[in-house]
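Structural characterization, general
These are the residues of each chain, in order.
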Amino acid sequence: MNPVNAHLWKERVLIVTASSSTNVGYKRQDQLLTQKKRGMKERDIVIYRLYTDHWLDPKNQPMNMKEAKAIYDVYDIDPTTFSVLLIGKDGRVKMRKDDIISTREIFQLIDSMPMRQQEMRKSKKLNQN
């Protein structure tokens, strides 16, 4: 039932939670993420936005309570707090923060991962041909 499983081995997932979409931390985090769409796309990152009263999938479509609860339960997230989780393509939690994180820090973490380094090498070879 965990919707994040649909992204296994295809995309990295950011889960951003807050008490509401007007939460100051959430608004700043969302602003940082939307400013770097190209970098997000290059790294195959999708975003789930979860609030206590509504939940949005990576296409900004509403999710049902069961799907949101599955995410909260699987990743042990308190729905009332601001948090940012990075889930790798392998489905494992790679980072968990309860404060705003820069896209630079997210990108550096991802770029240091073996799978991402392999992707970059493959992309470089394709661009050379």
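A brief look at the structure comes next. (Residues numbered from 1 in each chain as written. Predicted model: local features only at pLDDT ≥ 70, side-chain atom pairs only at ≥ 80, totals over all residues. Heavy atoms only, no water.)

Listing the buried residues of helix α3 (residues 65-74) in full gives A68, A70, I71 and Y72. Of the surrounding secondary structure, the elements contacted by the buried residues of α3 are β1 (12-18), β2 (45-51) and β3 (55-56). (Buried < 20%, exposed > 50% of the residue type's maximum accessible area, 1.4 Å probe, protein only. Helix = DSSP H or I, 4+ residues; strand = E, 2+ residues; numbered from the N terminus. Contact = heavy atoms within 4.5 Å.)

Moving on, we get to the sheet that holds β3. What the 5 strands build is an open sheet, ordered β3-β2-β1-β4-β5; its pairing is mixed. With partners counted over all chains shown, the strands left at the sheet margins are β3 and β5 (93-97), one partner each. Here 4 bridges tie strand β4 (residues 83-87) to β5, and the two strands are oriented antiparallel to one another. Residue pairing across strands places L85 opposite R96, the latter belonging to β5. (Pairing = 2+ DSSP bridges.)

Before going further, it helps to examine the pattern of salt bridges. Taken as a whole, this structure holds 12 salt bridges when the rule is applied. Between E119 and K89 there is a salt bridge, and its shortest N-O distance comes to 2.6 Å. Taken together, the residues span a long stretch of sequence, with E119 in helix α5 (residues 114-128) and K89 in the loop between β4 and β5 at a distance of 30 residues. Pair check on accessibility: E119 and K89 agree, each one buried. Ionic contacts of the salt-bridge type, sharing partners, join the residues R12, R38, E42, R43, D44, K89, D111, R116 and E119 into one network. (Salt bridge = Lys/Arg side-chain N within 4 Å of Asp/Glu carboxyl O.)

Under the definition given, this model contains 1 aromatic pair. The ring of F107 carries R43 above its face, with NZ or CZ at 4.0 Å from the centroid. (Phe/Tyr/Trp six-rings, centres within 6.5 Å; stacked < 30°, edge-to-face > 60°. Lys NZ or Arg CZ within 6 Å of the ring centre and 35° of its normal.)

A cluster of nonpolar side chains, contributed by L8, W9 and M115, occupies part of the molecular surface with about 290 Å² of accessible area. For L8, the location among the structural elements is in the segment before β1. Residue class for L8 comes out partly exposed when judged on its relative accessible area of 33%. (Patch = residues over 30% accessible without salt bridge, like charges linked within 9 Å, V, L, I, M, F, W, Y side chains within 5 Å. Areas by Shrake-Rupley, 256 points an atom, 1.4 Å probe, with all protein chains shown as cover.)

Moving on to the nonpolar core. Grouped together as the largest cluster of nonpolar side chains are 19 residues, with contacts concentrated most on L14, V16, L33, M40, I45, V84 and I106. Those elements that place two or more of their residues in this core are β1, α1 (24-35), β2, β4 and α4 (103-111). In this structure I45 touches R12, L14, M40, I106, F107 and I110, once residues within four positions along its chain are discounted. Judged by nonpolar contacts, the second largest core, of 15 residues, contains V13, I15, W55 and I87. (Core = buried A, V, L, I, M, F, W, Y, C linked by side-chain atoms within 4.5 Å.)

Counting through the fold element by element, D111 comes out in helix α4. In this structure the side chain of D111 is engaged in a polar contact, spanning 3.0 Å, whose partner is the side chain of R116. Setting aside chain neighbours within four positions, we find D111 in contact with R43, R116, Q117 and M120. (Polar contact = N/O pair within 3.5 Å; in protein donor to acceptor, adjacent residues only side chain to side chain.)

To continue, consider α4. Within α4, burial applies to T103, I106, F107, I110 and D111. Buried residues of α4 fall within an arc of 125 degrees about the axis and therefore sit on the same side. (Arc of directions from axis to C-beta.)

Everything listed here is a matter of geometry and, on its own, says nothing about what the molecule does.
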